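# Residue-level structural notes
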2 protein chains.
Amino acid sequence: MISVVIIGSGNVAKHLIHAFSKIDNINLKQVYARKLGDEALMKSNIPITNDLSLLVDADITIIAVSDDAVAAISCNIKNSLVVHTSGSVEMNALKNPKNKGVFYLLQSFSKEKEVNFSNIPICLEAENESDLKKLEKLASLLQGNIYHLTSQQRKKIHVAAVFVNNFTNHMYTVAHDICEEHNVPFNILQPLIEETSQKIKNLTPSESQTGPAKRKDAETIKNHLNLLSKSHQELYLKITQSIQNHGKEL
Amino acid sequence: MISVVIIGSGNVAKHLIHAFSKIDNINLKQVYARKLGDEALMKSNIPITNDLSLLVDADITIIAVSDDAVAAISCNIKNSLVVHTSGSVEMNALKNPKNKGVFYLLQSFSKEKEVNFSNIPICLEAENESDLKKLEKLASLLQGNIYHLTSQQRKKIHVAAVFVNNFTNHMYTVAHDICEEHNVPFNILQPLIEETSQKIKNLTPSESQTGPAKRKDAETIKNHLNLLSKSHQELYLKITQSIQNHGKEL
């Protein structure tokens, strides 16, 4: 049995509360929420507080708040092992007096959608081996895939995540705009989107690269630019350039 | 029963030959390949020719060659209904004397990977209703999802496909570079990549957009830029800008 306290009531906090509540070997002792009154939380049997001085101790106290609030809130937490869940915040940004660590879930959490934790990459960091063991135990109860990353590695991976998640999603947005403008349903692209995301399981993305930029097919590139709005043209050109320059700088 | 002749021996041609050969109600009468000697093709029982004057007629003759070869090769084909498989070539680029059409498969075809045709979007165009019916019959034997697109719509969708396939793949490439540089296995990002591609089944990409660009989180954007190489910085900035300007031009 491992005991846990959660600080926060945002997206990540809620998904963790939901997941922990369903696992027998995790004892979710308390949740801190600045504002009480979250309906789902109030309905559950988990003790809630909005007063940090009433916090109980646990094997692991997880701060799941926005990046810029981590340092400030951690000052006031005297629990034995305090970890945050942020990709881009260093472990040492934690200002609690006792042990520190990181429990970063590398996944996109939406309000609307339940998260399947099994196989989620969980990036761990701790100050000593025994704390790391505790975090590993919690991560394996969630059936996550455990990675040990330093704060520096984690920060870089967080930028990589922006490319594969936020920026890829923007590629979908541009495509959605084009479909809408020409009265074609966007879901016509779904099989291609899925194939693109699956292909890189067996090939490196560099090996998977195809298309006019890669082929240096100037004629098709010119035709494509003529079909695009000005802002999409600029984006198309920059990415085409980046594909063509890939490998040159490395 | 529907009879088919295929012109070409590239990626798309090979996948079509493979798929057609397995379907009872399709009679693949002949394949034209400029160079004989493709081993898999020679081993099959399908009659092959490298002489267009020896071409037999069929219900549908499919030209699956590179975009810029479609017009030239079509001049020499006297068959009754000739279609090409290209996303960005107009139907009227076909110069065969008889009926013309388009049979465009909106998917990425790799040499290495077998394609599951069921649910592949197949974009059809024809000069008359009875030709369209023939193409629909062939598409449904392949278990594809049928769409009727004009040449103009198809060209635009082809550009949209570049965004969701080639450009998205480049986002993966940049992320792969970052992972490699910091000794983190790239597959740490696979669950996030899949979640990103799945999320847009239920939300529009614009609704799914998250991240520092969307939040206008200047501090995180600055930190991310500091972690990137010069060429990746430029790309990061341009896409961030495009996310922030999205909707303004429309």
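Since the model is a prediction, treat every value here as computed from it, not as a measurement.

About the cut-offs
Starting afresh in each chain, residues are numbered from 1 along the sequence in its written order. All chains are assigned letters beginning with A, and all ligands numbers beginning with 1, in the order in which they are written. pLDDT decides what is reported in this predicted model: residues at 70 or higher carry local features, side-chain atom pairs at 80 or more are listed and counted, and totals for whole chains, interfaces and linings draw on all residues regardless. With hydrogens and water excluded, all non-hydrogen atoms of the structure serve as input to the side-chain values. Numbering of helices and strands runs from the N terminus, with a helix taken as a DSSP run of H or I at least four residues long and a strand as a DSSP run of E at least two residues long. Between buried and exposed lies partly exposed: a residue is buried under 20% and exposed over 50% of the maximum accessible area for its type, with that area taken using a 1.4 Å probe on protein chains only. Contacts are assigned to residue pairs with any non-hydrogen atoms lying within 4.5 Å of each other. Computed with the Shrake-Rupley method and a 1.4 Å probe, the accessible areas treat only the protein chains shown as cover for residues. Only buried residues count toward a nonpolar core. Its members are Ala, Val, Leu, Ile, Met, Phe, Trp, Tyr and Cys residues joined through side-chain atoms within 4.5 Å. Centre distance within 6.5 Å is the pairing criterion for rings of Phe, Tyr and Trp, where only the six-membered ring of Trp is used; planes under 30 degrees apart are then read as stacked, over 60 as edge-to-face, and the remainder as tilted. Here the quantity called buried area is the total loss of accessible area, with a 1.4 Å probe, experienced by two parts when brought into contact, counted for both. We define a salt bridge as a contact between a side-chain nitrogen of Lys or Arg and a carboxyl oxygen of Asp or Glu at a distance within 4 Å. Distance and chemistry together define a polar contact, namely a pair of N or O atoms within 3.5 Å, with one atom able to donate a hydrogen and the other to accept it when in protein, and with adjacent residues in sequence counting only for side-chain atoms on both sides. Put simply, Ala, Val, Leu, Ile, Met, Phe, Trp, Tyr, Cys and Pro go in the nonpolar bin, Asp, Glu, Lys and Arg in the charged bin, and everything else, Gly too, in the polar bin. At least two DSSP bridges between two strands are needed for those strands to be called paired. Copy-to-copy alignment: least squares on C-alpha atoms, limited to residues at pLDDT 70 or above in both.

Next up on the list: the overall build of chain A. A count of helical and extended segments in chain A gives ten helices and eight strands. In terms of overall dimensions, chain A has C-alpha extents of about 65 × 40 × 30 Å along its principal axes. For chain A, buried positions account for 54% of its 250 residues. In chain A, the share of contacts with a sequence separation of at least 24, taken over all contacts with a separation of at least 6, comes to 50%. Surface summary for chain A: the accessible area is close to 11,100 Å², and the carbon and sulfur share equals 48%.

Here we come to the nonpolar core. Counting 72 residues, the largest nonpolar core has A:Phe163, A:Leu189, B:Phe163 and B:Leu189 as the members making the most contacts within it. What A:Phe163 contacts, discounting residues up to four positions off in sequence, is A:Thr168, B:Met171, B:Val174, B:Ile178, B:Leu228, B:His232, B:Leu235 and B:Tyr236.

So, about the packing of aromatic side chains. Counting across every chain of the model gives eight aromatic pairs over all chains. Ring plane angle 65° and centroid distance 5.0 Å describe the contact between A:Phe167 and B:Tyr236, whose orientation is recorded as edge-to-face. Highlighted residues: A:Phe167 in helix 5 (residues 151–181) and B:Tyr236 in helix 10 (residues 230–245), drawn from two different chains. Residue class for B:Tyr236 comes out buried when judged on its relative accessible area of 0%. Among the aromatic residues, those joined into a ring-pair cluster are A:Phe163, A:Phe167 and B:Tyr236.

Right, let's talk about helix 6 (residues 190–199) of chain A for a bit. Of all ten residues in helix 6 of chain A, seven are buried, a share of seventy percent or more. Along helix 6 of chain A, the residues classified as buried are A:Gln190, A:Leu192, A:Ile193, A:Glu195, A:Thr196, A:Ser197 and A:Lys199. Elements in contact with the buried residues of helix 6 of chain A: helix 5 and helix 7 (205–208) of chain A together with helix 5 (151–181) and helix 6 (190–199) of chain B.

This part is about the interface of chain A and chain B. On the side of chain B, 84 residues touch chain A, which itself brings 84 residues to the contact. For the pair chain A and chain B, the two sides together bury roughly 8,200 Å², of which 67% comes from carbon and sulfur. One can count four salt bridges joining chain A with chain B. B:Lys201 is the salt-bridge partner of A:Glu194, the closest N and O atoms lying 3.2 Å from each other. On the surface where chain A and chain B come into contact, there are 36 residue pairs in polar contact (both at pLDDT 80 or more). For the side of chain A that touches chain B, the secondary-structure elements that each account for two or more residues are strand 7 (121–126), helix 5, helix 6, helix 7, helix 9 (218–227) and helix 10 (230–245) of chain A. The greatest single-element share of the side of chain A that touches chain B, amounting to 26 residues, is contributed by helix 5 of chain A. Along the lines of polarity and charge, the residues of the side of chain A that touches chain B split into 38 nonpolar, 33 polar and 13 charged.

Glancing now at the sheet that holds strand 5 (residues 81–84) of chain A. Residues and elements named next belong to chain A. Strand order across the open sheet formed by eight strands is 3-2-1-4-5-6-7-8, with mixed pairing between neighbours. Two strands lie at the open edges of the sheet, namely strand 3 (48–49) and strand 8 (145–148), each paired on one side alone. Taken together, the three bridges between strand 4 (residues 60–63) and strand 5 define a ladder with parallel strand orientation. Along strand 5, the bridge assignment pairs Thr61 with Val82.

Attention now goes to the relation of the copies chain A and chain B. Aligned on chain B, chain A shows an RMSD of 0.0 Å; the corresponding rotation is 180° and the shift along the axis is 0.0 Å. As the rotation angle and translation indicate, the two copies are arranged about a two-fold axis. Across chain A, the rotation axis passes nearest the C-alpha of A:Thr168, at a separation of 2.6 Å. A share of 100% of interface residues in chain A that are also interface residues in chain B marks the association as one of identical surfaces.

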